[in-house]
Amino acid sequence: MDSIMTNFSIWISAIRLRTLPLSIAGIILAACFATYNGFFEWSIFTLAILTTLSFQILSNLANDYGDGIKGTDNKDRIGPERAIQSGAISPEELFNAIKLNIVISIMLAFALIFFSFGAKHFFLTLLFFTLAIASIIAAIRYTMGDNAYGYKGLGDVFVFIFFGLTSVVGCYVLFAKQLDHVTFLPAITIGLLSTAVLNLNNMRDRLTDEKANKITLAVKLGEKNVKLYHNTLVLGAILLSSLFGVLYFSSPYNLIFMITYVPLFLHLKKVNNNKTPELLDPELKKLALTTVLLAILMGIGYLLPI
């Protein structure tokens, strides 16, 4: 029994539960907008959550595998110890888990598309089928393979697209079968903050990544410029979400998400004053949770005036 529980805890650690809430922040926000406009359906919401979680878990496992077999995750790494790095899971076991997760992700994505569009919306079905395949490929290719885009400083672009635009705008279309301008500023906001979470992770690992030849954007920019970039991401999210609050104002409730600006400004102060990479790890968790909170409050605030 003890060995079963130990093995279970090892796989839970490899899945990286703490990263999962951020992946569904955009889904929750899109669901609130869909509810406001009368398009919400529980079946679509549930499948969207499960599909997104499967994509994120796939990304986490693939990231562990890619960095593990390339030697990027080594004794110098600052963040939490990874599965292959620790020896708790062999590369073969992890690769088999990735293949299983791909099958699960495809099944969930197909079910989501079917429940959303059925046979009535051929173009949207084709578009979202393509997006689903692209999401799976992006999850795998972040660190796996000879041309992994995470090793070329492109991870930020993909996080912005998939955690922001695809998550919020795409999920809303699953409900409504149409675009709505109200989703764009929130989508960009969540995309910027999600990119800031990745950037903070890369800031923490900048020196060890550079030694391992993992050329993230943080490595390319260097210590000073990467902080300026981080400020731009977070302040840009604050500015655009404020603009959303003004443009779509109908009640003071619409602005309750602005309370998250306090931890965001405190976060920037700590990051700008930081000289020790190890101390960025707690800020990483706080920024991810603040992003999730902002998304929830933005959605709820939009609904409350009903």
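Here the residue numbers are simple positions, counted from 1 along each chain's written sequence. Local features in a predicted model are, by the rule used here, given only for residues with pLDDT of at least 70; side-chain atom pairs are given and counted only at 80 or more, and totals for whole chains, interfaces and linings are based on all residues. Hydrogens and water are ignored here; the side-chain numbers use all heavy atoms of the structure.

The subject of this paragraph is the packing of aromatic side chains. Working definition: rings of Phe, Tyr and Trp (its six-membered ring) pair if their centres are within 6.5 Å, and the pair is stacked with planes under 30 degrees apart, edge-to-face with planes over 60 apart, and tilted otherwise. According to the stated counting rule, one finds 18 aromatic pairs in the structure shown. Taking the centre distance of 5.5 Å and the plane angle of 25° together, the rings of F40 and F175 count as stacked. You can see F40 sitting in the loop between α2 (20–36) and α3 (42–70) and its partner F175 sitting in helix α7 (residues 155–176), a full 135 residues away along the chain. Each residue's exposure class comes from its accessible area (1.4 Å probe, protein chains only) as a fraction of the maximum for that residue type: buried when under 20%, exposed when over 50%, partly exposed otherwise. Overall, the relative accessible area of 24% leaves F40 in the partly exposed class. Segments assigned H or I by DSSP are reported as helices when at least four residues long, segments assigned E as strands when at least two residues long, and all are numbered from the N terminus.

Glancing now at empty space enclosed by the protein. The definitions used throughout rest on a 1 Å grid laid over the protein atoms alone, on which a cavity is an enclosed set of points accommodating a 1.4 Å probe that cannot get out and a pocket is an open set flanked by protein within 12 Å on both sides along at least five of seven lines; lining residues are those having an atom within 4 Å of a point. Grid points are joined across faces, edges and corners, and a volume is the space filled by probe spheres set on the points. The tally for this structure, following the rule as stated, stands at one cavity of 30 Å³ or more. In this structure, the largest cavity encloses a volume near 30 Å³. Considering the residues around the largest cavity, the lining is formed by F244, G245, Y248, N254 and Y302. Side-chain classes follow a simple rule in which Ala, Val, Leu, Ile, Met, Phe, Trp, Tyr, Cys and Pro form the nonpolar group, Asp, Glu, Lys and Arg form the charged group, and the remainder, Gly included, forms the polar group. Tallied by class, residues from the lining of the largest cavity come to three nonpolar, two polar and no charged.

Glancing now at the nonpolar core. The set of buried Ala, Val, Leu, Ile, Met, Phe, Trp, Tyr and Cys residues whose side-chain atoms join them within 4.5 Å is what this entry labels a nonpolar core. Core analysis: the biggest nonpolar cluster contains 62 residues, and F244, L264 and L294 have the highest contact counts within it. With ten residues, helix α12 (residues 280–303) is the largest single contributor of residues to this core. Ignoring sequence-local partners within four residues, the contact set of L264 consists of L193, V234, I238, L287, T290 and L294. Judged by nonpolar contacts, the second largest core, of 20 residues, contains A14, A62, I89 and I140. Whether two residues are in contact is decided by their heavy atoms, any of which lying within 4.5 Å being enough.

Take helix α10 (residues 217–247) next. The span expected for a helix works out to 1.5 Å for each residue beyond the first. With 31 residues, α10 extends just 33 Å between its outermost C-alpha atoms, more than 12% less than the 45 Å of an ideal straight helix rising 1.5 Å per residue. The sharpest bend along α10 comes to roughly 110°, located at E223. Fitting axes to the seven residues ending at a residue and to the seven starting there, one defines the bend at that residue as the angle between these axes.

For the rest of this paragraph, the subject is the pattern of salt bridges. By convention in these notes, a salt bridge is any Lys or Arg side-chain nitrogen within 4 Å of a carboxyl oxygen on Asp or Glu. According to the stated counting rule, one finds five salt bridges in the structure shown. Residues R18 and D281 are paired through a salt bridge, measuring 3.6 Å at the closest nitrogen-oxygen approach. Highlighted residues: R18 in the loop between α1 (2–15) and α2 and D281 in helix α12, separated in sequence by 263 residues. Residue K286 is joined to E283 by a salt bridge in which the shortest nitrogen-to-oxygen separation is 3.6 Å. Pair noted here: K286 and E283 are both in helix α12, with a separation of three residues, about one helical turn. When salt bridges with common partners are traced through the structure, they connect R18, R204, D205 and D281 into a single cluster.

When pLDDT is averaged along the protein, the result is 90, and 92% of the positions lie at 70 or above. Overall, residues 1–5 carries pLDDT values under 50, and its contacts beyond four positions in sequence, including any with other chains, amount to zero contacts. What pLDDT expresses is the predictor's confidence in each residue, scored from 0 to 100.

Before going further, it helps to spend a moment on the environment of L294. The topology assignment puts L294 in helix α12. Considering only alpha carbons, one finds L294 and F115, 179 residues apart in sequence, at a separation of 29 Å. Not counting the four nearest positions on each side in its chain, L294 is found in contact with T189, I190, L193, F257, T260, Y261 and L264.

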